[in-house]
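If you want the building blocks of each chain, they are given just below.
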Amino acid sequence: AMGVDISCMFPTPMLFLGTTPRTEVEVALARAYNRWLCEEVLAHEPRIKSTLYLPFKDPEACYKMVEEFGDKKGVIGFTVVSPHYKSVHDNAFMKTWRAMEERGLTLVFHCAYAWGEDQSISLCNRFMAAHALGFVWFNVIHLTNWLVNGLPERFPKLKVCWIESGLAWIPFLMQRLDNEWMMRSSEVPLLKRRPSDYMREMYYSTQPMEMVNNKEALELTFKMINAETQLMYASDYPHWDMDLPSTIYDLPFLSEQAKRNILGGNARRFFNLEPVISELKTKRLAARVSA
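Below you will find a few notes about this structure.

This brings us to the pattern of salt bridges. In this structure the tally under the stated criterion is 13 salt bridges. Asp197 is the partner of Arg200 in a salt bridge, and the nearest nitrogen-oxygen pair spans 2.8 Å. Residue Asp197 is classed as buried on the basis of its relative accessible area of 17%. Via salt bridges that share partners, Glu67, Asp71 and Arg103 belong to a single interconnected network.

As a further point, take the side chain of Glu26. With respect to the helices and strands, the residue Glu26 is situated in helix 1 (residues 23-42). Lys57 provides the closest opposite charge to the buried, unpaired Glu26, separated from it by 4.3 Å. With near-sequence residues (within four places) excluded, Glu26 lies in contact with Leu17, Gly18, Thr20, Tyr53, Leu54, Pro55, Phe56, Lys57 and His84.

Angle between the axes and distance between the axes: these two values describe a pair of packed helices. Interhelical geometry of helix 4 (residues 127-148) versus helix 6 (residues 169-184) gives an angle of 40 degrees and a closest axis separation of 11 Å. Note on packing geometry: the crossing formed by helix 4 with helix 6 is right-handed. Between helix 4 and helix 6, the contacting residues are Val136, Asn139, Val140, Leu143, Thr144 and Leu147 on the first element and Trp169, Leu173 and Leu177 on the second.

This part covers the pairing of strand 3 (residues 75-81). Summarising burial for strand 3: 7 of the 7 residues are buried, a large majority. Strand direction decides the pairing type here: strand 2 (residues 48-53) and strand 3, joined by 4 bridges, are parallel. Each residue of the ladder has a partner; that of Thr51, found in strand 3, is Gly77. Traced from strand 2 through helix 2 (residues 59-69) to strand 3, the parallel crossover comes out right-handed.

With that settled, consider the packing of aromatic side chains. Tallying each qualifying case throughout the model produces 16 aromatic pairs. Summarising the aromatic geometry, the rings of Phe16 and Tyr113 are spaced 5.3 Å apart at their centres and angled 65 degrees between planes, so their arrangement reads as edge-to-face. In this pair, Phe16 sits in the loop between strand 1 (7-8) and helix 1 while Tyr113 sits in the loop between strand 4 (106-110) and helix 4, placing the two residues 97 residues apart along the sequence. Ring pairs connect the aromatic residues Phe56, Phe93, Trp97, Phe109, Trp146 and Trp162, which therefore count as one cluster. Against the face of Tyr63 rests Lys95, its NZ or CZ located 4.6 Å from the ring centre. Sitting above the plane of the Tyr198 ring, Arg193 keeps its charged end 4.3 Å from the centroid.

Time to look at the state of the cysteines. Enumeration according to the criterion identifies 0 disulfides in this entry. Cys62 takes part in no disulfide bond, and the closest cysteine sulfur to it belongs to Cys38, at a distance of 15 Å.

What counts, and at which threshold
- Residues numbered from 1 in each chain as written.
- Predicted model: local features only at pLDDT ≥ 70, side-chain atom pairs only at ≥ 80, totals over all residues.
- Heavy atoms only, no water.
- Salt bridge = Lys/Arg side-chain N within 4 Å of Asp/Glu carboxyl O.
- Buried < 20%, exposed > 50% of the residue type's maximum accessible area, 1.4 Å probe, protein only.
- Helix = DSSP H or I, 4+ residues; strand = E, 2+ residues; numbered from the N terminus.
- Lys, Arg positive; Asp, Glu negative; His and termini not counted.
- Contact = heavy atoms within 4.5 Å.
- Axes fitted to C-alpha atoms, helices over the stretch in contact; angles between N-to-C directions.
- Left-handed = near helix turned anticlockwise from the far one by under 90°.
- Pairing = 2+ DSSP bridges.
- Right-handed = clockwise from strand over helix to strand, strands pointing away.
- Phe/Tyr/Trp six-rings, centres within 6.5 Å; stacked < 30°, edge-to-face > 60°.
- Lys NZ or Arg CZ within 6 Å of the ring centre and 35° of its normal.
- Disulfide = S-S within 2.5 Å.

Written as structure tokens, this is what we have:
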């Protein structure tokens, strides 16, 4: 009904699996879910794709997930659920990033809040505050570590996307990191360019895009992140804060081509997707032609 031909599926309960104190539970449930999804869904429905769950508490298990499931039908990448307390630049993860890069798979960091687990977020006494800050904070940490440890230079062909954190934090982090880089670039010798230059080559998702009464700020954000080529529409259906495609299509400052890119073209390029026309659409087209 929303005009979506290909859906990338990820289940809500997995967002908080990384906060379990039992590493073996995260690994077992992650593998069970990944196997079920590959065998029962992805193998049979070409319109559903997925970035499978990486049990980030166990770096070796992450590598085994890529080795076991990376070539399965419908697998277009892997997801790190951002509420974790492992560093993305830990040497234990390097072979995982390399294995994904070699296979042409994408790496997605999906944010969520950790209200009861993270000490800083637990200072908030209202869900609104925990949601506003929590869905940004872990991606800020992981992206910063990804940059200052030179991972874009070490894995230049690995495409990375930061999702479900909104967009307002990205210009903030660009400016903060560029400012520090200009004063302390000797601490990040692997970086050959400003941090913001690397960030403009990363990908981001729209949902939940901050819809405040300031279109000029939103337009500047789009410009700073190269939204026309780097931003991908995400509905987050069926959540209470989901966005319809009209959220993008109705923006007055976007060209027609930019809207097409954000609503589908960028995702096709990022995930290496082939266009799929649903059976229902085919029937509708046939009915129009015959009419």
